[in-house]
Amino acid sequence: MVIAIDGPAGSGKSTVAKLVAEGLGYLYVDTGAMYRALTWKALKEKGDLKDENALTSLSRQTEILLKEGMGKLKVFVDGEEVTESIREGSVTENSFYLARVPSFRAEMVKQQRKMARGNNLVMEGRDIGTVVFPKAELKVYLDASLKERARRRFLELKEKGINTDLEVIEKQLQARDKKDKSRKVAPLKIAEDAFVIDSTKMKIEKEVDLILRKWRENYGAAKSST
Ligand code: DC
């Protein structure tokens, strides 16, 4: 059983996906962490992010591992834990380079499908309902206005003691949206049969409740996820 949750940066996918997974006792998978993980390594090794061949060969020499433990998803690159480091601004701003490399995406998709073997899961990303699991039992597209997503990100950073400018965040999110939606391979788009939620004026609990209800309505309707 797969619940696919897609949507733009800052739409609250991670929080919602985690809570839905928790509610159902399913495995939670954040696919963005995989793209971030290799970006982190490429930045560390001062690799040329514009060179697709170099990125492909780097990915072949890299082991990316997602491990769930104590309700938290931990990310490892070649055995080193990078759960926190992959959230740094430099990784966020540069991960689109990896996201547009077809060979790397193909490998990630393979691994993501493998995770569903023998597991019920809630997987979030940009292409989960459109490419990874086109037959997912439930597809959700989570959206929110640019202003609201920027406001949320601003508050999140403030809570971490990071002072930024709301306008700058809004511009960064807008640029990321554009890159995610316009890339040639697996662009962010709404799957035809997705349940679209606009969370601009919605509380997290309501979003989770809507998804769980939809899930119960659909449960058992489909048999296979790939
Ligand atoms: O969701 P996020 O911000 O952690 O995603 C990090 C990067 O990976 C971002 O550039 C979008 C990309 N991504 C993707 O292309 N496909 C996915 N399934 C998940 C993330």
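Placed above this text is the structure.
Parameters at a glance
- Residues numbered from 1 in each chain as written.
- Predicted model: local features only at pLDDT ≥ 70, side-chain atom pairs only at ≥ 80, totals over all residues.
- Heavy atoms only, no water.
- Helix = DSSP H or I, 4+ residues; strand = E, 2+ residues; numbered from the N terminus.
- Buried < 20%, exposed > 50% of the residue type's maximum accessible area, 1.4 Å probe, protein only.
- Contact = heavy atoms within 4.5 Å.
- Pairing = 2+ DSSP bridges.
- 1 Å grid on protein atoms, 1.4 Å probe; cavity = no way out; pocket = protein on both sides within 12 Å on 5 of 7 lines; lining within 4 Å.
- Points joined across faces, edges and corners; volume = space filled by probe spheres on them.
- Axes fitted to C-alpha atoms, helices over the stretch in contact; angles between N-to-C directions.

Draft legend 1. Looking closely at the side chain of D127. Its place among the elements puts D127 in the loop between β6 (121-125) and α6 (128-132). According to the relative accessible area criterion, D127 is buried, its value standing at 2%. Excluding anything up to four places from it in sequence, D127 contacts D6, R105, V109, V132 and A186.

Draft legend 2. A look at the sheet that holds strand β3 (residues 64-69). Spatially, 3 strands are ordered β3-β4-β5 in an open sheet, and the strand pairing comes out antiparallel. The strands lining the two open edges of the sheet, one partner per strand, are β3 and β5 (80-81). Relative to strand β4 (residues 72-77), β3 is paired through 6 bridges, and the arrangement is antiparallel. From the neighbouring strand, I64 faces β4, where its bridge partner is V77.

Draft legend 3. A look at empty space enclosed by the protein. Applying the stated criterion across every chain yields a total of 1 cavity of 30 Å³ or more. Within this model, the largest cavity holds a volume of roughly 30 Å³. Along its surface, the largest cavity is lined by D6, G129, K139, V140, Y141, K189, I190, A191 and A194.

Draft legend 4. View of the sheet that holds strand β2 (residues 27-30). Read from one edge to the other, the open sheet built from 5 strands follows the order β2-β6-β1-β7-β8, with strand pairing classed as parallel. The sheet is open, and its two edges are formed by β2 and β8 (195-198), each paired on a single side. Taking each pair of neighbouring strands and ignoring which way they run, the sheet shows an average axis angle of 20°. Summarising the sheet, β2 and β6 pair through 4 bridges and their orientation is parallel. Note that in β6 the partner of D30 across the bridge is E124.

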